[in-house]
Amino acid sequence: GVMDLFRLPTGESGAVSEGFILMSSMRGKQPIFQTHKLLDFQNFLHMNKPDIVIVNESWINEHIHNNEIIEEEFYKMWRNDRSKIDKKKYNKVGGGGVFILAKQGLDIETKEVNVKNPDGLPVLSIEIKFNDSSKLCASTFYRYDYSKKDTLDSIEKYYRELCKKYSKIVIIGDLNLSSVKDWSCPISTNELHNDYIKLFFELGFQNLINEPTHKDGNTLDLLLTNQPGLIKDICITPDLICPSDHYSIKFKIKKNVNRRKVKKRRVFNYNEANWPELENELYAYDWSSMFRTLGISPAWNLFKSKLDI
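Here's a quick rundown of the structure. (Residues numbered from 1 in each chain as written. Predicted model: local features only at pLDDT ≥ 70, side-chain atom pairs only at ≥ 80, totals over all residues. Heavy atoms only, no water.)

### What about the packing of aromatic side chains?
Heads up, the rule is: Here a pair means two rings of Phe, Tyr or Trp (six-membered ring of Trp) with centres within 6.5 Å. Their orientation is stacked below 30 degrees between planes, edge-to-face above 60, and tilted elsewhere. Secondary structure is summarised from DSSP: a helix means a run of H or I of at least four residues, a strand means a run of E of at least two, and numbering begins at the N terminus for each. Burial classes follow relative accessibility: with a 1.4 Å probe on protein chains only, a residue under 20% of its type's maximum area counts as buried, one over 50% as exposed, and anything between as partly exposed.
Scanning the model with the defined rule gives 12 aromatic pairs in all. Aromatic side chains Y90 and Y144 sit 5.5 Å apart centroid to centroid with 80° between the ring planes, which places their arrangement in the edge-to-face category. Taken as a pair, Y90 in helix α3 (residues 84–90) and Y144 in the loop between β7 (135–141) and α4 (149–165) lie far apart in primary sequence, 54 residues in all. For the pair shown, Y90 and Y144 are each scored as buried.

In structure tokens form, the structure reads like this:
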């Protein structure tokens, strides 16, 4: 069937964070996960099984491993965490960051596209090669609403280079061009925003979203492509995963993609668990006596044996 793509937000904005880890733990080497967001995100992936997933403002950093976000057996992951150059330029501790996931088991070949990014911009692109040898580039760019003209200059170089490599490109991301009120006739009173509009128009890109993608009524998240005929079934949904100020965007690519059979795995159905009986059994043990002379590993193994895990 056709390939489905999601652009997903990672949670509410405000004093905590928009990403997967707490703002207060950004400086540490062991950042504290926003566990509820991460679990909601992982549950969404396992339940809906989207083919390609694009996330802006992940907030993850070099201390977070890919497998902590999603296991490699389910999704390939490419990421561009906020760079040291970018943090220093804007005097930021963390934040930002983008990543792309591609589901394992699809009859496609995927790889990251190597385009120079000396300024450490939050931009990332992958190549998708289909079984008929045709190629599509899926790219994401997160533009801070406080970024200046030099970011436009750098992103222009990046996408002009990308357009030399690929004839079919899809760009989806939070560009924060809030001054544009009608994307059927994109005009802005903001000179910098107009320059972005001109750039993508010159490169042959068309934005396919002309409705709010943010709770304040603005169209901040764009779906830009030079092949609009490849896109169908665009769907914009608020709070698809967890409460968020940005909306999720789903759309389909008109390419037939075969799905390889995935090995079955053992999954516990906690909804069918007999919790009262489990609680009674746990209370029946004298845990203090059992653990008194044991170290951590033997105690954990004993505990697991009692739970039959």
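Back to the write-up after that little detour.
### Examining the sheet that holds strand β9 (residues 206–207)
As a general point, the strands of a sheet are linked pairwise by backbone hydrogen bonds and lie either parallel or antiparallel. Just so we agree on the cut-off: For two strands to be treated as a pair, DSSP must find no fewer than two bridges joining them.
Read across the open sheet, the six strands follow the order β5-β6-β7-β8-β10-β9; overall the sheet is mixed. Across the chains shown, the open sheet's two edge strands, defined by having one partner strand only, are β5 (109–112) and β9. As paired elements, strand β8 (residues 169–174) and strand β10 (residues 221–225) share five bridges and run antiparallel to each other. Residue pairing in the sheet places G173 in a bridge with L222 of β10.

### Thoughts on the nonpolar core
How we decide: Remark: nonpolar core denotes a set of buried residues (Ala, Val, Leu, Ile, Met, Phe, Trp, Tyr, Cys) joined through side-chain atoms within 4.5 Å.
One finds I52, I100, I128, V170, L223, F251 and I253 to be the most contacted residues of the largest nonpolar core, which totals 30 residues. Of all elements in the fold, only β2 (52–56), β4 (98–103), β6 (123–129), β7, β8, β11 (231–237) and β12 (248–253) reach the threshold of two or more residues within this core. Grouped together as the second largest cluster of nonpolar side chains are 27 residues, L121, C137, Y159 and L177 included.

### Digging into the pattern of salt bridges
Stated formally: For this document, the term salt bridge refers to a Lys or Arg side-chain nitrogen within 4 Å of an Asp or Glu carboxyl oxygen.
Counting across every chain of the model gives nine salt bridges. In this structure, D81 and R79 form a salt bridge, with 2.7 Å as the shortest nitrogen-oxygen distance. Each of the two residues, D81 as well as R79, counts as buried. In this structure, K255 engages D132 in a salt bridge whose closest nitrogen and oxygen atoms are separated by 2.8 Å. Here K255 is found in the loop between β12 and α6 (275–284), whereas its partner D132 is found in the loop between β6 and β7, with 123 residues between them in sequence. You can call D132 partly exposed: its relative accessible area is 46%.

### Thoughts on the state of the cysteines
In plain terms, the rule: In this description, a disulfide is simply a cysteine sulfur pair whose atoms lie within 2.5 Å.
Counted by the stated rule, this structure contains zero disulfides. Between C137, a cysteine without a disulfide, and C163, which holds the nearest cysteine sulfur, the sulfur-to-sulfur distance is 8.8 Å. The class for C137 is buried, based on a relative accessible area of 0%. By relative accessible area, C163 is classed as partly exposed at 25%.

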